[in-house]
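As a plain string of letters, each chain reads:
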Amino acid sequence: MTLDTLRLTAEDAIDLVERGDASPAELHAAYRAAIGERDDELHCFLTHVEEADGARSIPIALKDIIGTKGVRTTAGSKILENYVPVYDSTVAQRCKDAGLSLLGKTNTDEFAMGSSTENSAYGPSRNPWDPTRVPGGSGGGSASAVSAGMAPWALGSDTGGSIKQPSSLCGNVGLRPTYGTVSRYGVVAFASSLDQVGPVTKTVRDNALLYRIISGRDECDSTTVDVPPVELPSAEDLRGVRVGIPRELNEAEGIEPGVSAAVQRALALAEELGAEIDTCDLPRSVEYGLACYYLIAPAEASSNLARYDGVRYGLRVDNGGDYYATTASTRDAGFGDEPKRRIMLGTYALSAGYYEAFYGQAQKVRTVIGREFSAAFERFDVLLSPTSPTVAFKLGERTENPLAMYLADVLTIPPNMAGLPGISIPCGLSAGLPVGLQIIGPQFAENTLFRVGHALERALDFDTVPERLR
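Residues numbered from 1 in each chain as written. Predicted model: local features only at pLDDT ≥ 70, side-chain atom pairs only at ≥ 80, totals over all residues. Heavy atoms only, no water.

**Some remarks on the pairing of strand 5 (residues 173–176)**
Neither face of strand 5 is open: one carries Val173 and Leu175, the other Gly174 and Arg176, and all of them are buried. Pairing of strand 5 with strand 6 (residues 196–201), which is carried by two bridges, proceeds in the antiparallel orientation. For Gly174, the partnering residue across the bridge sits in strand 6 and is Val200. The pairing of strand 5 with strand 10 (residues 422–430) spans three bridges and is antiparallel. Bridge pairing in strand 10 places Arg176 opposite Gly422. (Buried < 20%, exposed > 50% of the residue type's maximum accessible area, 1.4 Å probe, protein only. Helix = DSSP H or I, 4+ residues; strand = E, 2+ residues; numbered from the N terminus. Pairing = 2+ DSSP bridges.)

**Re a nonpolar patch on the surface**
Together, Val86, Tyr87 and Tyr185 give the surface a local cluster of nonpolar side chains, amounting to about 300 Å² of exposed area. Here Tyr185 shows up in the loop between strand 5 and strand 6. Under the relative-accessibility criterion, Tyr185 is labelled partly exposed at 32%. (Patch = residues over 30% accessible without salt bridge, like charges linked within 9 Å, V, L, I, M, F, W, Y side chains within 5 Å. Areas by Shrake-Rupley, 256 points an atom, 1.4 Å probe, with all protein chains shown as cover. Salt bridge = Lys/Arg side-chain N within 4 Å of Asp/Glu carboxyl O.)

**Topic: unusual backbone geometry**
That bond from Gly137 to Ser138 is cis: its omega, 5°, falls within 30 degrees of zero. Here Ser138 is to be found in the loop between strand 3 (101–106) and helix 4 (140–147). Even without being glycine, Ala75 reaches a positive phi, approximately 55°. Locating Ala75 in the fold gives a position in the loop between strand 2 (59–63) and helix 3 (90–97). Positive phi is not limited to glycine here, since Phe111 has a value of about 55°. Assignment of secondary structure puts Phe111 in the loop between strand 3 and helix 4. Looking at Phe111, the relative accessible area reads 1%, which means it is buried.

Structural data, given as structure tokens:
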């Protein structure tokens, strides 16, 4: 049979295999054919894997910061160009245990630092809707691969918005789970108090299926917790759901008119489906969220990236046998501009005399942000806003302006600072490019996000296949 991977959902693929209408080998062949047809143009994968076990069910792609035993894991950096882990990350192992097989490792901004995938040491990925534009970041490779039918689903990681924002720009469904519900063991660290692995899929039900596989307590990660049983959403109405519309997240400077219009149409649909809608305020979260993030994340990054010294693993640039000279030479050659920039910012924020003024103060602001969201969730079940203030921007448009690039995550960062779950679903087009709707919930409210997202997804009836590939 002919398999249309552009429209095939993971749930449908599972059904095909279980019914015997398609074999795992046929499924894998179809996705590898799609990769062969489209990946040269879109550059979604950094490493391809030839699956030898024909008994496995359906394939998956993993962002290249997720450790995979025997498969190169670069984190998008030259400093790990030839690094091959000797063990699997917990999420990779759980995918294997569920019968999923690895198609390959997807492109990422170096150490997941970026909003466009242009910081990858191996070149940028491209957006399937318009290859002259970015797919978002840092998980642009995963989002682009799912959108272009090169994988039925994928895993990404989200620190400041690296699942939700590329999902928005590529027309996918992307979940950033509650911090601590998915293990970080074996995942290359950026900012440990913010990093969270999550699914990128075509539909909300696919998202719930993959989240069910990867979530839960892990004895190898002391920050993980038990999670409520994951429910596959089926309801198509929103009766009884209280929806808050934060003014600051919906009226922020820089939100394009087309993005705002698409989100407003989705809000009107939510009301038609029975949701109770009202406005609310998150003044401190939005005003201080970005500044707070760009103190805490670089500070933690500077600590995490200190392990790359040219001695234990990864690139080594010898410099006369002297440890300090070798370490300096290795880091100079191995790190790109963005990691160097964030290491310097973070080291400064943690330095003697400045720690309390910068990092310590940011942690206090983070507490204020968490309390502000908690107050909002006393009134509402979910909060809605655009995911990204703009649609996908042109390649090279923001590479010379780091501050403009940082603003791409201005709407996703505030809930992330509070450790909250959020899901982005496509809600329409602006200038022919996808617009994402961000649905934010309180901690451990993934099932509520799936219910709301599924009902809106059905009502919106968005065609996830890029127009140029139909």
